[in-house]
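# Commentary on secondary and tertiary structure
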Amino acid sequence: MKTDEINTRNSKYYWDLVNRNEDAPKAAAPAASKADEEEDEFWWVEKMCENPLLPYTMEEILAQIAESERQFAEGDYMEAEAAIDLIEAELDAEDEMELELAEAV
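Residues numbered from 1 in each chain as written. Predicted model: local features only at pLDDT ≥ 70, side-chain atom pairs only at ≥ 80, totals over all residues. Heavy atoms only, no water.

## Concerning a nonpolar patch on the surface
Filter applied, for reference: In this analysis, a patch consists of residues with relative accessible area above 30% that form no salt bridge, clustered at 9 Å for like charges and at 5 Å for the nonpolar side chains Val, Leu, Ile, Met, Phe, Trp and Tyr. With residues, only the protein chains shown are counted as cover, and all accessible areas are computed by Shrake-Rupley using a 1.4 Å probe. Any carboxyl oxygen of Asp or Glu that lies within 4 Å of a side-chain nitrogen of Lys or Arg is treated as forming a salt bridge with it. Comment: elements are numbered from the N terminus, with helices defined as DSSP H or I runs of at least four residues and strands as E runs of at least two. Between buried and exposed lies partly exposed: a residue is buried under 20% and exposed over 50% of the maximum accessible area for its type, with that area taken using a 1.4 Å probe on protein chains only.
A cluster of nonpolar side chains, contributed by Y56, M58, I61, L62 and I65, occupies part of the molecular surface with about 500 Å² of accessible area. Following the sequence through the fold, Y56 ends up in the loop between α2 (34-48) and α3 (58-73). We classify Y56 as exposed; its relative accessible area is 53%.

## Focus: the pattern of salt bridges
Oppositely charged side chains can form a pair if their charged atoms are brought close together. Counted by the stated rule, this structure contains two salt bridges. Between E67 and R70 there is a salt bridge; the shortest N-O distance is 2.4 Å. Placement of the pair is E67 and R70 together in helix α3, with a separation of three residues, close to one helical turn. Residue classification places E67 among the partly exposed residues on the basis of a relative accessible area of 33%. Overall, the relative accessible area of 36% leaves R70 in the partly exposed class. Here E74 ties to R70 by a salt bridge, and the two come within 2.8 Å at their closest N and O atoms. The exposed category is assigned to E74, whose relative accessible area is 55%.

## Thoughts on a negative patch on the surface
Definition in use: His is not counted, nor are the chain ends, whereas Lys and Arg count as positive and Asp and Glu as negative. Working definition for charges: the position is that of NZ of Lys, CZ of Arg, CG of Asp or CD of Glu.
Side chains of E79, E81, D85, E88, E90, D92, E94, D95, E96, E98, E100 and E103 sit close together on the surface and give a patch of like negative charge. Mapped onto the secondary structure, E94 falls in helix α4 (residues 80-104). Accessibility expressed as a relative area gives 46% for E94, which makes it partly exposed.

In structure tokens:
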């Protein structure tokens, strides 16, 4: 059975759809069976875990803590309010750029 509705249970289908050749014919999303859902879950985990982050060693963690304490002692940090203001300014600039692009089209 085929459907034109979005089937959020079948992530592999949509992954392939996004990464496919634009000249290829379009097909409706297949309804996922229970077996398909389980296979899809394994596929998703495998795809997203191709390059897992390696765990830090205790020495690396202690070195990062020492570096952050050194930076803090030297005053090389940003207050939370200043960081939030900076992020909001960057987001506003992005929104403004998107608006300008939308108006240009």
